[in-house]
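Reading the structure
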Amino acid sequence: MEESILTNPKQFWTYMKQNRANSTYPATMSYAGTVASSGENICELFSSFFHSTFLSSSSDTIHDNNPRQSCSDIATVRIDKDEVVKLLRSLDVSKSAGPDLLPAIFFVKCASEISIPVSILFRRSIDEGIMPIVWKSAFITPIHKKGSRDCVEHYRPISKLCLLAKVFERIIYNQLYESIKSDLSPTQHGFLKQRSTVSNLLLLNDFVTFSMNAGDQVDTIYTDYSKAFDRIDHKLLLLKLGYLGIRGDLFRWFTSYVHNRSQAVVLNGYTSSWRCIPSGVPQGSLLGPLLFVIFITDIDSCFQHSHHLLFADDMKVYRVVNNESDALLLQQDLNRLDIYCERNKLDLNVSKCYFMTFTRKPSPFSTNYSVKNQYLTRVSNMRDLGVTHDSKLLFDKHIDDIVSKASKALGFLMRSSKKFKNMKTVKLLYCSYVRSHLEYACQVWNPNYETYSDRIEKIQRKFTRYLKFKFNISVNMTYEQRCAKFHLLPLHLRRIISDIILLIKIIRGSCDCPSLLRKININVPARKFRNNKVFFVPSVSTNYRKNSYILRACSTFNNLSSETDLDIFCSGIDSLKKYVIRTFVASIQQ
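Definitions and cut-offs
- Residues numbered from 1 in each chain as written.
- Predicted model: local features only at pLDDT ≥ 70, side-chain atom pairs only at ≥ 80, totals over all residues.
- Heavy atoms only, no water.
- Patch = residues over 30% accessible without salt bridge, like charges linked within 9 Å, V, L, I, M, F, W, Y side chains within 5 Å.
- Areas by Shrake-Rupley, 256 points an atom, 1.4 Å probe, with all protein chains shown as cover.
- Salt bridge = Lys/Arg side-chain N within 4 Å of Asp/Glu carboxyl O.
- Lys, Arg positive; Asp, Glu negative; His and termini not counted.
- Charge placed at Lys NZ, Arg CZ, Asp CG, Glu CD.
- Buried < 20%, exposed > 50% of the residue type's maximum accessible area, 1.4 Å probe, protein only.
- Helix = DSSP H or I, 4+ residues; strand = E, 2+ residues; numbered from the N terminus.
- Polar contact = N/O pair within 3.5 Å; in protein donor to acceptor, adjacent residues only side chain to side chain.
- Axes fitted to C-alpha atoms, helices over the stretch in contact; angles between N-to-C directions.
- Parallel < 35°, antiparallel > 145°, perpendicular 65-115°, else oblique.
- Left-handed = near helix turned anticlockwise from the far one by under 90°.
- Contact = heavy atoms within 4.5 Å.
- Nonpolar A, V, L, I, M, F, W, Y, C, P; charged D, E, K, R; others polar.
- Expected span 1.5 Å × (residues − 1).
- UniProt positions renumbered as here; feature names shortened; annotations may be inferred.
- Phe/Tyr/Trp six-rings, centres within 6.5 Å; stacked < 30°, edge-to-face > 60°.
- Pairing = 2+ DSSP bridges.

- With an unreviewed UniProt entry as reference, the chain is termed Reverse transcriptase domain-containing protein, source organism Plutella xylostella.

Here it is in structure tokens:
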């Protein structure tokens, strides 16, 4: 199994996944008081539950109350034979077939031969404004989320579409995205190129630390929607596509694309009956997430007095609140959001909407906020896009969580790798299962105090001792020497590299976030000195503001550029990594 990591990596990772968690389904499952034990009946239970999340089809006439002017204009897409061949050959041959029962290996091996008829099919589909029925069907696989495994409600659906349909969608997606990207909301960071959870979180972090440094408090509301992707009204969606400048054959094609879709649950060799999908955007598709982003782009109009950030359907609304009038302005924006959701048939789940106050005031201003005439629950910490925030931005709760997860993952690694003989295999498992927990979005929560940094580093210390013991290395070595021996960098140095890499991406435009770029100040001295600093870093009075990403990364880059020939516009990322490694190795040898 260890040797298969080179020849058949999918087999290796499947083996590790089976060892890590129980992926089997219970023999008996229940939903809404109904218990099923046979394969066919269990599939039908899942099918009933997944179908219950959709909106009922409506014949009401829809009017958009906030039509927007768009600079986009796209009526068709270009079908290029060479692009079709390239996309067909890029399919993963390990992927199973969709409802059309055509496997990926067929398209990969016959890409050149079938490219012309496939291109003709795609061209006719656009010209006639019709998406073939089989390409609008999907196989659904239930994946356990949390809770008891015998309860159908604790599963989420994963869609498997026809491979040829996904190739077609990729062609449309690429041309559509380039046409409409200027009309998409700058506050949206989900499913858009060169934006991520990190860019989303850094904007909030910078606003909060700046406000707290000025002595203000920031109230933040975290919203949650019930099955947002499944409850998109098709008539409203098409109306918004029209306002965005999609017209002609392409608009007629999208009308066919969203209507008359169907799905069936596939589980343990059994298949449920096919059910029609009356609402929502197609999950598992390439166009589905983009359509959702388009649908909620006009949500920006709700927030006239506060700021907001989006990652797909995850949204946070925030502003400085020091008195009752500030709180009233934030509440007015929430009231507009409530009206917007009602008009667009989006269901805000108030029981999962929370608000938190960021402040270090000894006596902060206290108030309540409401949505749908229900008061929101106040919390002292909140998990946002994988990072747990606390009211003082210490990130101590987040560090507790990631250290606990990494420690459990390290225990699994040590148990499952007893019979592995190759050190590279064990290191690969460590990087995948353990270190990934300790480094996700580290630019946001990079610890300011050594006590937190030491707790994180302790996990890698334990792993290097395990490697030393497992491979019978008897020489006494310090932690730094073990890291050099096993070609691992200490985690605090890897966080420095992550800071600088993201800074370079923001400056060079690889990270498409103008709001972050505006916060970076290039240093323009009145006189030319020998060692001019590249970035201007203002003086601040608090440690948490000093440790905020923009100030921390700019200060770090200034220090590195004074020691080496690091250039923010021309130097490669590899040269940065090599310099940090050389410096680390040299410090050990001294």
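Having put the structure on the table, let's press on.
Quick notes on a positive patch on the surface
- A contiguous patch of positive charge, built from Lys145, Lys146, Arg156, Lys227 and Lys352, is present on the exposed surface.
- Lysine 146 gets classed as exposed once you look at its relative accessible area, which sits at 64%.

Let's talk about the environment of lysine 519
- One can find lysine 519 in the loop between helix 19 (514–517) and helix 20 (543–546).
- Taking the C-alpha atoms as reference, lysine 519 lies 47 Å from asparagine 476; in sequence the two are 43 residues apart.
- A distance of 3.3 Å separates polar atoms of two side chains, one belonging to lysine 519 and the other to aspartate 206.

Describing the pattern of salt bridges
- Taken as a whole and judged by the stated rule, the model has 19 salt bridges.
- Ionic pairing is found between glutamate 128 and arginine 124, a salt bridge with its closest N-O pair at 2.7 Å. Residue glutamate 128 and its partner arginine 124 are both found in helix 6 (residues 111–128); the two are separated by four residues, about one turn of the helix.
- With a shortest N-O distance of 2.8 Å, arginine 552 and aspartate 499 are connected by a salt bridge. Here the residue arginine 552 occupies a position in helix 21 (residues 549–563), and aspartate 499 occupies one in helix 18 (residues 491–508), the gap between them amounting to 53 residues.
- Arginine 552 sits in the buried class, given a relative accessible area of 10%.

Some words on a nonpolar patch on the surface
- A contiguous nonpolar patch, built from Val93, Leu102, Ile105 and Phe106 and spanning about 300 Å² of accessible area, is present on the exposed surface.
- The topology assignment puts valine 93 in the loop between helix 4 (81–89) and helix 5 (104–109).

Section: the packing of helix 2 (residues 9–20) against helix 14 (residues 423–439)
- Look at helix 2 against helix 14: their axes get within 13 Å of each other, and the N-to-C directions meet at 55°. As far as their axial angle goes, helix 14 and helix 2 are oblique. Judged by the sense of rotation from one axis to the other, the crossing of helix 2 with helix 14 is right-handed. For the pair formed by helix 2 and helix 14, the contact residues are Phe12, Trp13, Met16, Lys17 and Arg20 on the first element and Thr425, Leu428, Leu429, Ser432, Tyr433 and His437 on the second.
- A class-by-class count of the residues in the contact of helix 2 with helix 14 yields six nonpolar, three polar and two charged.

Some remarks on helix 8 (residues 197–213)
- An ideal rise of 1.5 Å per residue puts 24 Å on 17 residues; helix 8 measures up with 24 Å between its terminal C-alpha atoms.
- Counting buried residues in helix 8 gives 15 out of 17 residues, a clear majority hidden from the surface.
- Once helix 8 finishes, glycine 215 follows within two positions and takes phi at roughly 90°, a positive value.

Some points on the UniProt feature "domain: Reverse transcriptase" (unreviewed entry) in the chain
- Sites flagged by UniProt as "domain: Reverse transcriptase" (unreviewed entry) map to residues 124–371.
- Taken end to end, residues 124–371 is 36% helix and 21% strand, and its two terminal C-alpha atoms sit 48 Å from one another.

Digging into the packing of aromatic side chains
- Counted by the stated rule, this structure contains 26 aromatic pairs.
- Taking the centre distance of 4.4 Å and the plane angle of 0° together, the rings of phenylalanine 122 and phenylalanine 168 count as stacked. In this pair, phenylalanine 122 sits in helix 6 while phenylalanine 168 sits in helix 7 (residues 163–180), placing the two residues 46 residues apart along the sequence.
- Given the relative accessible area of 0%, phenylalanine 168 is considered buried.
- In textbook terms, an aromatic cluster arises when at least three aromatic residues are bridged by ring pairs, as seen for Tyr25, Tyr31, Phe46, Phe49, Phe50 and Tyr155.

Notes on the sheet that holds strand 11 (residues 354–358)
- Spatially, 9-10-5-11-14 is the arrangement adopted by the five strands of the open sheet, whose pairing is mixed. Of all strands in the sheet, those bounded by a partner on one side alone are strand 9 (307–311) and strand 14 (377–378).
- Judged from the five bridges that link them, strand 5 (residues 218–223) and strand 11 form a sheet pairing that is antiparallel. Directly across from tyrosine 222, in strand 11, lies its bridge partner tyrosine 354.
- Each of strand 5, strand 9, strand 10 (314–320) and strand 11 touches helix 8; the most contacted strand, strand 10, lies at about 15° to it.
- Packed onto the sheet, helix 12 (residues 324–343) meets strand 5 and strand 10 and runs at close to 155° relative to strand 10.

Quick notes on the pairing of strand 5
- Among the six residues that make up strand 5, six are buried, leaving the element largely enclosed by the rest of the structure.
- Residues Val218, Thr220 and Tyr222 point to one face of strand 5 and Asp219, Ile221 and Thr223 to the other, with burial holding for every one of them.

So, the environment of glycine 572
- As for its position among the elements, glycine 572 is in the loop between helix 21 and helix 22 (573–589).
- Exposure remark for glycine 572: the relative accessible area of 37% places this residue in the partly exposed category.
- In sequence terms glycine 572 and serine 279 are 293 residues apart; their C-alpha atoms lie 47 Å from each other.

Some thoughts on unusual backbone geometry
- The backbone of alanine 441 sits at a positive phi, close to 55°, despite the residue not being glycine.
- Note on placement: alanine 441 falls in the loop between helix 14 and helix 15 (442–445).
- For alanine 441, a relative accessible area of 4% gives the class buried.
- Within the chain, histidine 487 stands out as a residue other than glycine whose phi angle is a positive 55°.
- Relative to the helices and strands, histidine 487 resides in the loop between helix 17 (479–485) and helix 18.
- For histidine 487, a relative accessible area of 68% translates into the label exposed.

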